[in-house]
Amino acid sequence: MATTKVRYNQIKTGLPAGGDVNYNNVKLLLKGEGTDGSTSFQDSSIVENSISHQSTTTISTSDYKFGSSSISFQGSTSALYFPKNDDVAISTEDFTLETWYKPTAYNHKYSPILSLGNAWSNISNGLFNYLLYYYPNDNKLGFLSKHGTTSYRTAIATATLNLNTWYHIAATRTNNTLYLFLDGTLILADTSESWSSVDLDFTIPANNNFYVGLISQGNYINDALYSFRGYMDNIRITKGVARYTSNFSVPTAAFPAFESKEGKKMVVGSNGNIDLQ
């Protein structure tokens, strides 16, 4: 059998180092990069969701965690949003919700982070899939979902989030446990709600929205709005993977927007092309 010899300079170039081994599971990645005051928000995930905004939600170069800008939420109804889709809707899969989060004011009893659907006071409405939020009145970080037509599922942990400070916030689920993290520290591992059997997508209407930075406590989607005031950077949803289940080192750089080639095999095809598989 003939042997194919490959010199180093013949190997396919342009393969960046690093990357994310779970990038193909990333369903939303908002890195917050752009020009100051821009209202254009790019989703760098494989889904490339088309992001809309409302109120004074802009790119800001005045404050950021990584890169040169972040997303600023300064209005009474500020939010990013797009229609519900199967990519961000969570059913029974493992998942990771995470972001860098800097509150600048607490004007309401709720400071929302990520929400799919956003009306919840009338339990029969069934208008939300999940909600990650901070409750400054009691210093609580919480994850809330609805299961079936009459049941809520909640996971709440004590957490103090001071104003004008960047925090890494994450919520994950795997097996029967819902985890909450603050700056890489596990603050809750909740098994009280039988999380493995909770289909979070059981009742969410098809015409609802995914929101960043906004929820409603009303009986319909634009009633009794509560908005986040501050900055968020590197907002990421990973579906099918619980990235964190114990204490971890928080990211020291922006989330990568490409697949890692670590552990891939170099394969020489019959046509002489070289690929990583």
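Here the structure is shown first, and the text comes after it.
The rules behind the values
Residues numbered from 1 in each chain as written. Predicted model: local features only at pLDDT ≥ 70, side-chain atom pairs only at ≥ 80, totals over all residues. Heavy atoms only, no water. Helix = DSSP H or I, 4+ residues; strand = E, 2+ residues; numbered from the N terminus. Contact = heavy atoms within 4.5 Å. Areas by Shrake-Rupley, 256 points an atom, 1.4 Å probe, with all protein chains shown as cover. Salt bridge = Lys/Arg side-chain N within 4 Å of Asp/Glu carboxyl O. Buried < 20%, exposed > 50% of the residue type's maximum accessible area, 1.4 Å probe, protein only. Core = buried A, V, L, I, M, F, W, Y, C linked by side-chain atoms within 4.5 Å. Pairing = 2+ DSSP bridges. Polar contact = N/O pair within 3.5 Å; in protein donor to acceptor, adjacent residues only side chain to side chain. Phe/Tyr/Trp six-rings, centres within 6.5 Å; stacked < 30°, edge-to-face > 60°. Lys NZ or Arg CZ within 6 Å of the ring centre and 35° of its normal. Lys, Arg positive; Asp, Glu negative; His and termini not counted.

**Some remarks on the overall build of the protein chain**
Scanning the protein chain from terminus to terminus reveals zero helices and 19 strands. Considering only contacts within the protein chain whose residues lie at least 6 apart along the sequence, 66% involve residues at least 24 apart. For the protein chain, the accessible surface area stands at approximately 12400 Å², while carbon and sulfur atoms represent 45% of it.

**With respect to the pattern of salt bridges**
Inspection of the entire model under this criterion finds six salt bridges. Linking Asp20 and Arg243 is a salt bridge whose minimum nitrogen-to-oxygen distance equals 2.6 Å. In this pair, Asp20 is assigned in the segment before strand S1 (26-30) and Arg243 in the loop between strand S17 (229-239) and strand S18 (266-268), connecting sequence segments 223 residues apart. We classify Asp20 as buried; its relative accessible area is 5%.

**Here we look at the side chain of Thr177**
Tracing the chain through its elements places Thr177 in strand S12 (residues 177-182). For Thr177, a relative accessible area of 12% gives the class buried. The residues contacting Thr177, other than those within four sequence positions of it, are Thr172, Ala189, Asp190, Thr191 and Trp195.

**Considerations on the nonpolar core**
Ranked by size, the top nonpolar core spans 41 residues in total, and within it Leu97, Tyr130, Phe143, Ile169, Phe210 and Val212 carry the most contacts. Beyond its immediate chain neighbours, meaning those up to four positions away, Tyr130 contacts Val88, Ile90, Leu97, Leu114, Ser115, Leu116, Phe143, Leu144, Ser145, Phe210 and Ile237. Counting seven residues, the second-largest nonpolar core is a separate cluster that includes Tyr110, Leu131, Ile215 and Tyr226.

**Section: the pairing of strand S13 (residues 185-190)**
By the bridge criterion, five bridges tie S12 to S13 in an arrangement that is antiparallel. By the bridge assignment for S13, Leu178 is matched with Asp190.

**Structural notes on the environment of Asn49**
The residue Asn49 is located in the loop between S1 and strand S2 (52-54) in this model. Measuring from C-alpha to C-alpha, the distance between Asn49 and Pro83 comes to 9.2 Å, with 34 residues separating the pair along the chain. When neighbours within four sequence positions are excluded, Asn49 is seen to be in contact with Lys27, Leu28, Asp43, Phe82 and Asn85. Polar side-chain contacts of Asn49 include one of 2.9 Å to the backbone oxygen of Lys27.

**Focus on unusual backbone geometry**
With a phi angle near 55°, Glu48 is a residue other than glycine that sits in the positive phi range. Summarising the element assignment, Glu48 is placed in the loop between S1 and S2. We note that Asn175 has phi near 55°; this positive angle belongs to a residue other than glycine. On the secondary structure map, Asn175 appears in the loop between strand S11 (167-174) and S12.

**Examining the packing of aromatic side chains**
Applying the stated rule across the entire model yields 16 aromatic pairs. Among the aromatic residues, those joined into a ring-pair cluster are Phe95, Tyr130, Phe143 and Trp195. The residue whose ring lies beneath Lys65 is Trp100, and the NZ or CZ to ring-centre distance is 4.4 Å. Note that Arg236 overlies the ring of Phe255, its terminal NZ or CZ placed 3.7 Å from the centroid.

**Looking at the side chain of Arg229**
Note that Arg229 resides in strand S17. The buried charged residue Arg229 lacks any salt bridge partner; its closest oppositely charged side chain belongs to Asp63, at an N-O distance of 15 Å. Within the local environment of Arg229, its side chain forms a polar contact with the backbone oxygen of Gly75, the two atoms lying 2.9 Å apart. Apart from the residues within four sequence positions on either side, Arg229 is in contact with Phe73, Gln74, Gly75, Ser76, Lys102, Pro103, Thr104, Ala105 and Asn107.

**Details of the environment of Phe210**
Looking at the secondary structure, you find Phe210 in strand S14 (residues 209-212). Looking at Phe210, the relative accessible area reads 0%, which means it is buried. Along the backbone, Phe210 and Ala79 are 131 residues apart, and their C-alpha atoms lie at a distance of 9.9 Å. Among all residues touching Phe210, those that are not within four sequence positions of it are Leu28, Leu80, Tyr81, Phe82, Pro83, Lys84, Val88, Leu114, Ser115, Leu116, Tyr130 and Ile237.

**Comments concerning the environment of Leu80**
On the secondary structure map, Leu80 appears in strand S5 (residues 79-83). In this structure the C-alpha to C-alpha distance between Leu80 and Thr58, which are 22 residues apart in sequence, comes to 9.5 Å. Discounting residues that sit within four places of it in the chain, Leu80 has contacts with Leu30, Phe41, Ile51, Ser52, His53, Thr57, Ile71, Phe73, Phe210, Tyr211 and Val212.

Function-wise, these values are silent; they only describe arrangement.
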